[in-house]
Amino acid sequence: DIQMTQSPSSLSASVGDRVTITCRASQGIRRHLNWLQQKPGKAPKLLIYGASTLQSGVPSRFSGSGSGTDFTLTISSLQPEDFATYYCQQSYNTPITFGGGTKVEI
Amino acid sequence: QLQLQESGPGLVKPSETLSLTCSLSGGSISTSNYYGAWIRQPPGKGLESLGSIYYSGSTYYNPSLRSRVTISVDTSKNQFSLKLSSVTAADSAVYYCARGSYTGTYDFFDFWGQGTLVTVSS
């Protein structure tokens, strides 16, 4: 299985901050990397697929980059509704695997 | 707007079979670009994919669960289902169904059900 490692596991930030979350794959996955956001008690929501393509309806303050083994999710200006847990997920190989999550807290 | 809804018992006894159904409305997985998937999340923990199914009936199962999991599809009812046998407390989790989309290059889960908590306990 491809292991996905996120860092940090949690972070504290303020509204307006620029936030960066990293995800590393245990082997190269080209750009087959998706980012999801999950709020407490809710299902995950797709933010970005293909490492950098913004899903329809997702605000442009979210962006993704990377290829191979190292990927980044950036929130350019953190908004109150962005406090959540973020997961990376690889779709390069089965089984599909997820990172352990990064909790973004106030 | 596609919506997915999980249904099934919230409590299952150890060694029994967990059965859940995902009902789709406002769309389907009955084209080659889409598939259905099951993902679970133990309380306070991360996400684990269980397997997926295409409308043709072709399936993929996570090897960690392969011997216990069965996913089926009923295109006439616009539903797909999960069966997980011989459950233990470790199978207690929120179970999500999701639609997988394939662009020709990338695939991703773009629509999710709200999730249903299944507890394994006697």
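Predicted, not measured: the structure shown is a model, and the values here were computed from it.

Novice: I'm lost on the environment of Ala93(B) in this one. Help?
Specialist: Residue and element names in this part refer to chain B. Turning to its location among the elements, Ala-93 is positioned in strand 9 (residues 93-102). Considered as a pair, Ala-93 and Val-120 are 27 residues apart in the sequence and their alpha carbons are 8.7 Å apart. With sequence-adjacent residues up to four places away left out, Ala-93 is seen in contact with Arg-40, Gln-41, Pro-42, Pro-43, Thr-116, Leu-117 and Val-118.

Novice: Explain the side chain of Asp82(A) to me, please; I cannot follow it from the model alone.
Specialist: Residue and element names in this part refer to chain A. Its place among the elements puts Asp-82 in the loop between strand 8 (70-75) and strand 9 (85-90). A polar atom in the side chain of Asp-82 sits 2.8 Å from the side chain of Arg-61. Setting aside residues up to four positions removed in sequence, Asp-82 forms contacts with Gln-37, Arg-61, Phe-62, Ile-75 and Ser-77.

Novice: Please clarify how the sheet that holds strand 1 (residues 4-7) of chain A should be interpreted in this entry.
Specialist: Two strands in a sheet stick together by hydrogen bonds in their backbones, pointing the same way (parallel) or opposite ways (antiparallel). Residues and elements named next belong to chain A. Strand order in the open sheet formed by 4 strands is 1-3-8-7, with antiparallel pairing between adjacent strands. At either margin of the open sheet sits one strand with a lone partner, and together these are strand 1 and strand 7 (62-67). Here the strands of the sheet are splayed against their neighbours by 20 degrees on average, with no regard to which way each runs. Relative to strand 8, strand 7 runs antiparallel, the two sharing 6 bridges. The residue of strand 8 that forms the bridge with Gly-66 is Phe-71.

Novice: Please explain the pairing of strand 4 (residues 34-41) of chain B as it appears in this structure.
Specialist: Regular strands have side chains that alternate between both faces of the sheet. Residue and element names in this part refer to chain B. Within strand 4, 7 of the 8 residues are buried, which leaves it mostly tucked inside the rest of the structure. Two strands pair when backbone bridges link them, and strand 4 and strand 9 are joined in this way by 8 bridges, in the antiparallel orientation. When the bridges of strand 9 are listed, Arg-40 appears paired with Tyr-95. As paired strands, strand 4 and strand 5 (residues 48-53) are joined by 5 bridges and run antiparallel to one another. Bridge pairing in strand 5 links Gly-36 to Ile-53. Linking strand 4 to strand 5, which pair antiparallel, is a turn of 6 residues; within it Gly-44 sits at a positive phi near 75 degrees.

Novice: Would you mind showing me how to read the layout of surface pockets here?
Specialist: The gaps of empty space that remain are located by a probe, the size of a water molecule, rolled over the atoms. A volume near 460 Å³ is recorded for the largest pocket. If you go around the largest pocket, you meet 25 residues; those closest to its centre are Gln38(A), Thr85(A), Tyr87(A), Gln41(B) and Lys45(B). Looking at the lining of the largest pocket, the elements with two or more residues in it are strand 9 and strand 11 (102-105) of chain A together with strand 9 of chain B. Of the residues forming the lining of the largest pocket, the biggest block, 3 residues, is contributed by strand 11 of chain A. Across the lining of the largest pocket, the residue classes tally to 10 nonpolar, 11 polar and 4 charged. Its boundaries defined by the atoms lining it, the second largest pocket holds a volume of some 320 Å³. Lining the second largest pocket are 15 residues, and of these Lys45(A), Gln1(B), Asp110(B), Phe111(B) and Trp112(B) sit closest to its centre. Taken together, the elements giving at least two residues each to the lining of the second largest pocket come down to strand 5 (45-49) of chain A together with strand 1 (3-7) and strand 10 (107-112) of chain B.

Novice: Explain the sheet that holds strand 8 (residues 79-84) of chain B here, please?
Specialist: Residues and elements named next belong to chain B. Taken in spatial order, the 4 strands of this open sheet run 1-3-8-7, and their pairing is antiparallel. In the strand order of this sheet, the two ends are held by strand 1 and strand 7 (69-74), each with one partner. Sheet twist, expressed as the average angle between the axes of neighbouring strands with direction ignored, equals 20 degrees. Pairing of strand 7 with strand 8 involves 6 bridges; the strand directions are antiparallel. Counted as the bridge partner of Asp-74 is Gln-79 from strand 8.

Rules and cut-offs
- Residues numbered from 1 in each chain as written.
- Chains lettered and ligands numbered in written order.
- Predicted model: local features only at pLDDT ≥ 70, side-chain atom pairs only at ≥ 80, totals over all residues.
- Heavy atoms only, no water.
- Helix = DSSP H or I, 4+ residues; strand = E, 2+ residues; numbered from the N terminus.
- Contact = heavy atoms within 4.5 Å.
- Polar contact = N/O pair within 3.5 Å; in protein donor to acceptor, adjacent residues only side chain to side chain.
- Pairing = 2+ DSSP bridges.
- Axes fitted to C-alpha atoms, helices over the stretch in contact; angles between N-to-C directions.
- Buried < 20%, exposed > 50% of the residue type's maximum accessible area, 1.4 Å probe, protein only.
- 1 Å grid on protein atoms, 1.4 Å probe; cavity = no way out; pocket = protein on both sides within 12 Å on 5 of 7 lines; lining within 4 Å.
- Points joined across faces, edges and corners; volume = space filled by probe spheres on them.
- Nonpolar A, V, L, I, M, F, W, Y, C, P; charged D, E, K, R; others polar.

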